[in-house]
Amino acid sequence: GCGKTTASTSGSKGYAPKKLTVEFVPSSNAGTIEAKAKPLEGLLKKQLGIPVTVSVSTDYNTIVEAMGSKKVDVGFLPPDAYVLAHKQYHDKVLLQAQRHGLTEPGDKANTELVDYYRSQILVRKDSGIKSVKDLKGKKIAVQDTTSTAGWIYPAVEMLDQGVNINKDGIQTVTVKGHDQGVLSVYNKNTDAAFVFQGARNLVKKDEKDIMSKVVPIYTTGKIPNDTITVRGDMTGKWQKKIATAFKQIAKTKKGHAIISSVYTHEGYTDSKDSNFNIIRQYDKKAKALDK
Amino acid sequence: MMTTQVPRRPWLQRWHVKPIGWTLVILILLVASSRMTGVDVGMFFNNLGQFTDLLVRMSQPAWDYLPVILHPLYETIQMAILGTTIGATFAVPFAVLAASNLVHNRWLRGIIRLMLDLVRTLPDLLLAAIFVAIFGIGSTAGVVTLAIFSFGMVSKLFYEVIETIDMGPLEALESVGANKLTIIWYAVLPQIMNQFVSYFLYTLEFNVRASTVLGYLGAGGIGVFLQRSLNEFNYSQTAVIILATLVVVMAIDGISNHLRRVLL
Amino acid sequence: MDKTPIISFKNVNKVYDNGTVGLKNINFEIPQGEFLVVVGLSGAGKSTLLRTINRMHEITSGEIRVEGESIKAYKGRSLRLLRRKIGMIFQNFNLVKRSSVAKNVLSGRVSYYATWQSILGLFSATDKQKAVQALQRVSLAEKLYARADELSGGQQQRVAIARTLMQDPKIILADEPIASLDPLTTKTVMDILKRLNQEDGITVIVNLHSVALAREYADRIVGLRAGEVVYDEPIADVTEADLNRVYQTV
Amino acid sequence: MDKTPIISFKNVNKVYDNGTVGLKNINFEIPQGEFLVVVGLSGAGKSTLLRTINRMHEITSGEIRVEGESIKAYKGRSLRLLRRKIGMIFQNFNLVKRSSVAKNVLSGRVSYYATWQSILGLFSATDKQKAVQALQRVSLAEKLYARADELSGGQQQRVAIARTLMQDPKIILADEPIASLDPLTTKTVMDILKRLNQEDGITVIVNLHSVALAREYADRIVGLRAGEVVYDEPIADVTEADLNRVYQTV
Amino acid sequence: MQTTISKKPATLTLWRRWNWLLWIAIVAVIYTWAITGLHFTGLQESAASVSRSIVHGLVQPDWPYVYNGSGEDLVSLILQTLAIAFLGTIISSLISVPFAFWAARGGKEWLHVRSGSGKVVLTLIRTFPEIVLAIMFIKAVGPGSYAGVLAVSIHSIGMLGKLFSEAIENMDRGADEAITSAGGNSAQIFMLATLPTIMPEFISYTLYRFEIAVRSASILGMVGAGGIGTPMIFAIQTRNWPRVGIILLGIVLMVLLIDTLSEQLRKRLI
Ligand SMILES: Nc1ncnc2c1ncn2[C@@H]1O[C@H](COP(=O)(O)OP(=O)(O)OP(=O)(O)O)[C@@H](O)[C@H]1O
Ligand SMILES: Nc1ncnc2c1ncn2[C@@H]1O[C@H](COP(=O)(O)OP(=O)(O)OP(=O)(O)O)[C@@H](O)[C@H]1O
Ligand SMILES: [Mg+2]
Ligand SMILES: [Mg+2]
């Protein structure tokens, strides 16, 4: 179990872990995820030389709170969660995950590794909706208002295009999960849906014709990929050590296979807090939208 | 004179074989489970402050959030009422068929019970997910999930009650020459009516509470808002949601307690 | 006029599933209109004997005839008709406590109705009057709308009797109908049974613990011990000593 | 030798919370060593009367004295000591069904032990022997280790008596101790009570429904009706007619 | 002979008739409100194909997941779930006892202040969402099944305490009386009479609660408090139906097994 790992032995220079606790929460744009912790535990332990425990959660509230209470040292956080964690507990971002870029049509993965993803507005091909302007007076499936790809980005960018989602006669339907957003368009329950790019792949198994029937009319700007974040009080030495360890793992064949199959991470690049200012801007605009 | 021979106890009792055996089994299970789950009592008490941290942050409910959640709260109650009613209605005939004192055909009873057991084992999360897939996001999925869940729960509670009823009136009606259906109507239903009401309300209350979870999967109700408040770390809103649910649950509990006394 | 027996036992044996012998080689006849009292220690088989007559218990071997016909083969409707003919009064009343007295009494008549009628409570006006009359006979008409559990023990026992009357039975089986009643209620109940026996000519079979009562009311006394008939005499021939013999432990 | 009364009632009234009058102006004395039988219809107040003596019920006004002392002010320990002195036998036995006979019997002695001792079951060897003797007195020693719910009704009643004996009571209150027992067991139980009365000099107060038994065993009979004493005579003066008067409905 | 059914007292008749109508009216209003308040969605266009793939996944479960020695397979996680539920139930059943006596309505209590307050506290515990509780414990002891155990322990008190207190209210007080009349003090009454009398019901409710805890342990998985819940939710979210199928199979088998065992236990202990 996760014993008395992180007794707060932080000296003047900060906290140096004797045992590392890592928690993972899938980002919304991960197509396949597995609740597996053990393989990463082994890999990290080998790199760092201290015991490591990895756990998985489906919800990022716990991970932020647990990092706040110093029960978790390293968290795999989605960008919005990172922003909140930084604000509340001064947690520090080390790395961002890289995934394969996607090309239209059909959301096919290309060979390029990118540290961002995008959001899309999907409609039915036979609906006659061709542009954002056509969405006025329509019904849109959205995710919860805390969702970056399922609400904040597309809503804010729609406003930039002159369409206010809270006015202009638009009706929003909050759905749970991006697959549900895709399906609600497919089933004609809504006219459009905000989902992350690649969400149609989720339902491809169930509905073979999804790619031809449901198409994007708009793709947003870049959203930073999920992060690897550490407790704010961790010593600089250990921060570096952990960052190197993850990058090292991504480079080995075995390590790459594991992070790719379990977390759909293809690699890691260095990151800094200012990368997320864009998220903060969008958040602010989205807040204004609510008013 | 005072030396009466105390009779010897049977061997099993003398050495307390059964109690000691049970204690041992439970102890072993306890130790094994603690190992497996990493129980560490000391740590919990050391970090009690962290535990109460959230409570402190919840201690100032954001009352202006109340109007926002009223509608979803109503929706939760409405879903719970319909789901419980549908589930409980279907539960009655199945409970009768599963009761060993009414149905003597072992096979029929066995099959019915197996069916009820299977229904009961389905985790409500899974049910919600499946029905969201079939009915789409919204109340229908919630109602159907709660109905199936209530069906499983009520039918079991119910056949256990039926098995404890007084068989006397049944005998009396049998000796009068009544047939099965009449016997159930005249001798069984009056005896279980108040328990039925009590269990119905109990399930209703359970379902109102369950909706806080079902919302996570898009089956409607207050759960959506609970998750949103948690994701925004807005615990003063969480507190309002919990308190509002508490009022509903207490109302149901109160009605149930009252009816239990009145109908008894 | 020689009465043909309304009930007859021929070599009746009853062994319970767990091996307990309930009845052992029972042979006797009950003429129409008799008031028969069965006595015996606790566990002697009195209840078992009564319950075999309306097939609430099945016998293991032998034959029981009611009105000259063997009841062995009765099933479904014919069994229900047999039971309709035989009223049973239970030691613990067996009322539906939460239902009204009226409903309990009327339920004695369900076998005269189709299922749907009885479930919807569609009893004829005649039968409702009959229920009132039955309650009047046991001096309880004023409790018609009371709930059964609001009544005292003796009153409940009388409701059970009224329910039996609704059946228009030819035979009444009463299993210790006066246990735990006070002397006054005891007398009321026994008097009612006696009146049914004498006025309506109903054959009455009663299990009793009290020898005094047995001597007071019975036409004939049958004593059981360990499932066997150890005593069977018309009331004229019964002596105190005989009866005490029945109560000796085995 | 004039006996001072062991129990005396002075103008005792008891009104239940719901307004039912349980006892009305009760005045009488019970001398040490008497075998008193209380008779009366169901609901007359017999149980109420018994239960006021050991303060299981509180009285509304008046005074009850036990061994010359008013019991009104007793509290905590003194109340427990009073109750230790008074054994009570309940109509429905009130055994812990799932505990062994031994445990049930020993539990009668709890008031002689400190809390922790009785909770841990640390009864002295002497008391264990005492328990066996008590069971022997009711002819039940062989059931020492049986579970209470494996016993027949009569046997359970006797366990309850043995439990009371463990208290070394000076007074025994028995509330319809023989309801629903067969005549043989009835006799056994009543004989035991009589022997306790005669051999050990215990004052015995019994509620009964059966006038015959009352006449057989009592030194004195008290009749209650609607909470009032309507009859109070030593056995020598009791006539059948008198007793029937007690049973008249009001 | 002509007898008429005796007239019931007029006021009583009136009240009984109104009483009945009143209830019907209240119930009708409630149901009308419930039905009209919800807007129902019909079957989805994709329902057929989705159900087909669900069924397909359920009948072709992901067998390799059953056991692979990694400690993160079905068998290990189900065992972990059982461990969480077992510990949680045992702890809560112990804590529930004092709560139950607190909340049980006694005979001569003034305005039911004590029992009333106990009932409110139990309701509060019950209503406090398990998920929030789990988050609080994760903050205290870190993510993992220990937090799950604690969440189940506390949350179950709400329900067990309620069931226990109702059992206490309905129990037969005879044995209590006997010890009282023998001069026992309240501790002795409790240990020698109350507890043995009430034990079977306590055990039976505890077993029942254990079954529920096993199922609700999957909810805790959502927030990383251990057990089979996490993989199940991931599988549902990514529509990995064969995985859902095998997990469901595992849960069904586990619950059936528990059911049979607890049935046996119940028979043996009661
Ligand atoms: N269902 C049963 N299964 C097994 N044995 C039974 C059953 N019912 C009764 N017995 C046994 O059969 C014997 C006769 O029982 P019965 O009930 O006829 O006695 P009884 O004379 O009516 O006694 P009581 O006066 O106590 O009512 C007893 O030994 C009893 O234990
Ligand atoms: N707890 C109570 N609250 C209110 N009324 C009560 C209570 N207990 C008894 N009574 C009433 O007090 C009266 C006397 O009751 P009590 O139990 O003393 O009668 P009893 O002579 O023992 O009758 P039985 O022979 O039926 O046991 C009855 O009218 C009864 O209904
Ligand atoms: Mg019998
Ligand atoms: Mg009484």
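Everything quoted here is computed from the prediction, not taken from an experiment.

**Section: the site of ligand 2**
Point 1. In the neighbourhood of ligand 2, 13 residues make up the surrounding shell, with S42, G43, K46, S47 and T48 of chain D lying closest.
Point 2. With respect to ligand 2, the side chain of S47 of chain D contributes an N or O atom lying 2.5 Å from an oxygen atom.

**Quick look at the UniProt feature "transmembrane region" (unreviewed entry) in chain E**
All names here are of chain E.
Point 1. Those residues carrying the UniProt feature "transmembrane region" (unreviewed entry) are residues 20-40, 77-104, 212-235 and 241-261 in this numbering.
Point 2. A distance of 38 Å separates the end C-alpha atoms of residues 77-104, which is 96% helix and 0% strand.
Point 3. The span residues 241-261 is 100% helix and 0% strand, and its two end C-alpha atoms sit 30 Å from each other.

**Remarks on the packing of aromatic side chains**
Point 1. Inspection of every chain in the model, using the stated rule, returns 23 aromatic pairs over all chains.
Point 2. Ring plane angle 80 degrees and centroid distance 5.0 Å describe the contact between Y113 of chain C and F123 of chain C, whose orientation is recorded as edge-to-face. In this pair, Y113 of chain C is assigned in the loop between helix 3 (101-106) and helix 4 (115-120) and F123 of chain C in the loop between helix 4 and helix 5 (125-137), connecting sequence segments 10 residues apart. Comparing Y113 of chain C with F123 of chain C shows no difference in burial state: the two are buried.
Point 3. Taken together, a centroid distance of 6.0 Å and an interplanar angle of 35 degrees make the contact between F99 of chain E and W102 of chain E tilted. With F99 of chain E and W102 of chain E both in helix 3 (residues 74-103), this residue pair falls 3 residues apart, about one helical turn.
Point 4. A relative accessible area of 31% means that W102 of chain E is categorised as partly exposed.
Point 5. Three or more aromatic residues joined by ring pairs form one cluster here, namely F24, F76, F246, Y263 and Y268 of chain A.

**Digging into the pairing of strand 8 (residues 139-142) of chain A**
The side chains of a regular strand alternate, first on one face of the sheet and then on the other.
Residues and elements named next belong to chain A.
Point 1. Pairing geometry for strand 8 and strand 9 (residues 171-174), over 4 bridges, is parallel. Looking across to strand 9, one finds that V142 is bridged to T174.
Point 2. Read from strand 8 through helix 4 (residues 148-160) to strand 9, the crossover connection turns out right-handed.
Point 3. Both strand 8 and strand 10 (residues 192-196) contribute to a ladder of 2 bridges, which runs parallel. Paired with I140 across the two strands is A192, which belongs to strand 10.

**Details of the interface of chain E and chain B**
Point 1. Contacts between the two partners involve 76 residues from chain E and, on the opposite side, 75 residues from chain B.
Point 2. Between chain E and chain B lies a buried interface of about 6700 Å² when both sides are counted; carbon and sulfur atoms form 72% of it.
Point 3. At the surface where chain E touches chain B, the tally comes to 8 salt bridges.
Point 4. R120 of chain B is the partner of E211 of chain E in a salt bridge, and the nearest nitrogen-oxygen pair spans 3.1 Å.
Point 5. Applying the counting rule to chain E against chain B returns 7 residue pairs in polar contact (both at pLDDT 80 or more).
Point 6. Looking at the side of chain E that touches chain B residue by residue, the classes come out as 49 nonpolar, 14 polar and 13 charged.

**Observations concerning the interface of chain A and chain E**
Note: interface size is frequently given as the accessible area lost on complex formation between the parts.
Point 1. Listed by partner, the interface residues are 38 residues for chain A and 29 residues for chain E.
Point 2. Here chain A packs against chain E, burying approximately 2700 Å² in sum over the two surfaces, 52% of which is carbon and sulfur.
Point 3. If you look at where chain A meets chain E, you find 1 salt bridge.
Point 4. Ionic pairing is found between K139 of chain E and E65 of chain A, a salt bridge with its closest N-O pair at 2.6 Å.

**Some details on the packing of helix 9 (residues 168-176) of chain B against helix 2 (residues 76-85) of chain C**
Point 1. Contact geometry for helix 9 of chain B and helix 2 of chain C: axes closest at 6 Å, N-to-C directions at 100 degrees. By the angle between their axes, helix 9 of chain B is roughly perpendicular relative to helix 2 of chain C. In this structure, helix 9 of chain B contributes E174, S175 and V176 of chain B to the contact, and helix 2 of chain C contributes R80, R83 and R84 of chain C.
Point 2. A per-class count over the contact of helix 9 of chain B with helix 2 of chain C returns 1 nonpolar, 1 polar and 4 charged.

**Considering empty space enclosed by the protein**
Taking a probe equal in size to a water molecule and rolling it over the atoms shows the remaining empty space.
Point 1. In total, this model carries 8 cavities of 30 Å³ or more according to the counting rule given.
Point 2. The computed volume of the second largest cavity comes to approximately 290 Å³.
Point 3. Lining the second largest cavity are 22 residues, with F206 of chain B together with E130, H155, S216 and I219 of chain E sitting closest to its centre.
Point 4. Elements supplying a minimum of two residues to the lining of the second largest cavity: helix 10 (180-214) of chain B together with helix 4 (113-127), helix 5 (130-141), helix 6 (145-170) and helix 8 (186-220) of chain E.
Point 5. Across the lining of the second largest cavity, the residue classes tally to 12 nonpolar, 4 polar and 6 charged.

The rules behind each value
Residues numbered from 1 in each chain as written. Chains lettered and ligands numbered in written order. Predicted model: local features only at pLDDT ≥ 70, side-chain atom pairs only at ≥ 80, totals over all residues. Heavy atoms only, no water. Near = heavy atom within 4 Å. Polar contact = N/O pair within 3.5 Å; in protein donor to acceptor, adjacent residues only side chain to side chain. UniProt positions renumbered as here; feature names shortened; annotations may be inferred. Helix = DSSP H or I, 4+ residues; strand = E, 2+ residues; numbered from the N terminus. Phe/Tyr/Trp six-rings, centres within 6.5 Å; stacked < 30°, edge-to-face > 60°. Buried < 20%, exposed > 50% of the residue type's maximum accessible area, 1.4 Å probe, protein only. Pairing = 2+ DSSP bridges. Right-handed = clockwise from strand over helix to strand, strands pointing away. Contact = heavy atoms within 4.5 Å. Buried area = accessible area lost by both parts, 1.4 Å probe. Salt bridge = Lys/Arg side-chain N within 4 Å of Asp/Glu carboxyl O. Nonpolar A, V, L, I, M, F, W, Y, C, P; charged D, E, K, R; others polar. Axes fitted to C-alpha atoms, helices over the stretch in contact; angles between N-to-C directions. Parallel < 35°, antiparallel > 145°, perpendicular 65-115°, else oblique. 1 Å grid on protein atoms, 1.4 Å probe; cavity = no way out; pocket = protein on both sides within 12 Å on 5 of 7 lines; lining within 4 Å. Points joined across faces, edges and corners; volume = space filled by probe spheres on them.

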